[in-house]
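# Tertiary structure, described
Each chain is listed here by its residues.
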Amino acid sequence: MYNEEPLPMTTSSSIQFHLNKDDQELLANLPWQYRLEEWIDYGIALLSIRHGESRHPVVFVELDGKRYAIKETTPRMAEREIANLHEIERRGIPTLSPAGSVVVHGSPILLEEYGPNGVPEYISGDRGYTVTQLAPRVIPQVLLNNIPFTRKTKHTLFSAIALLLVELHEHGIYWGDPSLANVLMRIDGRRVLAIMADAETAELFPAPVSDEMREQDLETLRESLLWQAEDLRQARGLSEDEELIDDKDFRYLHQKYHVLRREHSHFASSPNFSTLYQVQYMLETLNQKGFALLGIGGHALQQFATVLPGWYIQRIHDLLGITVPRAYARHFYNTLLGHQAMLSKKEQREVSLEEAAQDWYTRYHLPAILLLRRNLTSDQDPMKAYFEIMERRWKMSLKAGYEIPIEEATLAWAMQEADTGKLGVVDPATLATWWRDRLPATEVLEPSLIEPKTLEPLLSKEEKPLVHLPTPELDQKLTQILDQQKPEEEEHEE
């Protein structure tokens, strides 16, 4: 994990861990002697989750299957933020789960050689670190920034943020620094969840915050959206007259906030649920909503022939060793034929169907199924989602002029189809509070994901075990598979 260069000698008293035993054992060997910006130079593999637009350096690491966010600040602010996060989590708000803090004692830093009365002035050289655990399936910020910022996508994001703000304010929490940089997004099949990722400036009250504080948070968010939109515009190389986020978007967010606030008042005035059956009902019905999906078509090449029922299923199984449901088998087979035609044109030779099928399976099918395993809920049809994602990838690639990675197409599809910004049948924080002795809000509000056995037939014998991997191992394997496709994506364009 580390290079062979020795770390500076430190005493055990120079680093103080305020963590539980398990977390401390995992984190103790990180190079705390160095600032976060230098960790990568000492062999620390950092997760690509977020670029760190915040004032303080932030890194994301994975150790023994657990993911942590580590922020560098002062000892006092680290202690304050961890205390805030504990209380915010107790109130049932989706936030990064606090693990604790670390303090590294350093030599005083000379601020001014000739201070008051000619005496040198020093400041403390101590550093503090907030350590939090990441919620599963958080979308990497770099991936989120790459998807098309359509009006629907922006409304989906802003609805989720508006819901988070309402939950904070109604439960006595003034954020003080709301921005896209301080929010992490998670998509769980049918739901987009905004997660509070920075609580350093939060102020806590025993009752809902005042209207003045609500408007201050909304205005701060508006300002942050404007400057971050400018950063995104420059990063994408867009012209100065092209706005990614405009006043119409913020007006939507502002209106959504007030609609949700009225809904919250309605729920708050309703009778409380008291029986286990009612709680189970709330868990099962929270944020359930169906949607229709389109199929791919119009670009597969095939000779017309009369075949017996089940022919397509058998032919696909002969080619790939997978079993596609009968309702989708012809569609899937047409997709393979279309891919064969595109490969033949690209490589200027006759590509066999067997070769094209294997190429499709490796480059698109396998990563798509694993992405569905990570995102779909138990009541969704994986093949409907599969074809919709492939259709979206194809359209995005045509518009961009190059082949869009499958993970970007999957995220764009999910943002377009998922529901967000709804309180559901009960206030989410009330539900999370009921369960607070067992799970944090991010886990309470997580729907039941698709069962691995549902996806098993869609993978070959060798890859079937992949859909049963725990989330950290699945993410790691999926990253490896996607990274392997990148060199090939530069050679093949559809």
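Scroll up for the structure.
Calculation rules
- Residues numbered from 1 in each chain as written.
- Predicted model: local features only at pLDDT ≥ 70, side-chain atom pairs only at ≥ 80, totals over all residues.
- Heavy atoms only, no water.
- Helix = DSSP H or I, 4+ residues; strand = E, 2+ residues; numbered from the N terminus.
- Contact = heavy atoms within 4.5 Å.
- Areas by Shrake-Rupley, 256 points an atom, 1.4 Å probe, with all protein chains shown as cover.
- Salt bridge = Lys/Arg side-chain N within 4 Å of Asp/Glu carboxyl O.
- Buried < 20%, exposed > 50% of the residue type's maximum accessible area, 1.4 Å probe, protein only.
- Phe/Tyr/Trp six-rings, centres within 6.5 Å; stacked < 30°, edge-to-face > 60°.
- Core = buried A, V, L, I, M, F, W, Y, C linked by side-chain atoms within 4.5 Å.
- Pairing = 2+ DSSP bridges.

So, about the overall build of the chain. Across its full length, the chain carries 16 helices and 11 strands. In the chain, the proportion of contacts linking residues at least 24 apart, taken out of those at least 6 apart, comes to 74%. When the accessible surface of the chain is summed, it comes to about 24,100 Å², and 51% of that surface belongs to carbon and sulfur atoms.

Our next topic: the pattern of salt bridges. A side chain with one charge can pair with a side chain of the opposite charge if their charged atoms come near. Considering all chains together, one arrives at 25 salt bridges under this definition. As a salt-bridge pair, Arg151 and Asp246 come within 3.3 Å of each other at their nearest N and O atoms. Here the residue Arg151 occupies a position in helix 4 (residues 151-170), and Asp246 occupies one in the loop between helix 5 (211-235) and helix 6 (247-269), the gap between them amounting to 95 residues. Judged by its relative accessible area of 17%, Asp246 is buried.

Once that is clear, we can look at the packing of aromatic side chains. A complete count under the given rule lists 10 aromatic pairs for this structure. A ring pair is formed by Trp32 and Trp39, whose centres lie 5.2 Å apart and whose planes are at 85°; its orientation type is edge-to-face. Each member of the pair, Trp32 as well as Trp39, carries the same accessibility label: buried. Taken together, a centroid distance of 5.6 Å and an interplanar angle of 55° make the contact between Tyr312 and Tyr333 tilted. With a gap of 21 residues between them, Tyr312 in helix 8 (residues 311-320) and Tyr333 in helix 9 (residues 326-347) connect regions that are remote in the sequence. For Tyr312, a relative accessible area of 9% gives the class buried. Owing to a relative accessible area of 8%, Tyr333 belongs among the buried residues under this scheme. Here the aromatic cluster, defined as three or more aromatic residues joined through ring pairs, consists of Phe17, Trp32, Trp39 and Tyr129.

Here we come to the nonpolar core. Met185, Phe332, Leu370 and Tyr386 are the most contacted members of the largest nonpolar core, which totals 94 residues. Of the residues forming this core, the biggest block, 11 residues, is contributed by helix 10 (residues 353-375). With sequence-adjacent residues up to four places away left out, Met185 is seen in contact with Arg137, Val138, Ile139, Leu144, Leu157, Ala160, Ile161, Val192, Leu193 and Ala194. Counting residues in hydrophobic clusters, the runner-up holds 20 residues, among them Leu19, Leu27, Val59 and Val131.

The next point concerns the pairing of strand 2 (residues 58-63). In terms of burial, strand 2 is largely enclosed, as 5 of its 6 residues are buried. Pairing of strand 2 with strand 3 (residues 66-73) involves 6 bridges; the strand directions are antiparallel. Its bridge partner being in strand 3, Leu63 is matched across the sheet by Lys66. In this antiparallel pair of consecutive strands, strand 2 and strand 3, the connection spans 2 residues, and Asp64 shows a positive phi of 55°.

Here the focus is unusual backbone geometry. Of note, the phi angle at Asp64 is positive, near 55°, even though the residue is not glycine. Tracing the sequence through the fold places Asp64 in the loop between strand 2 and strand 3. Under the relative-accessibility criterion, Asp64 is labelled exposed at 69%. Notably, Gln348 is not glycine yet its phi reads approximately 55°, a positive angle. Mapped onto the elements, Gln348 comes out in the loop between helix 9 and helix 10.

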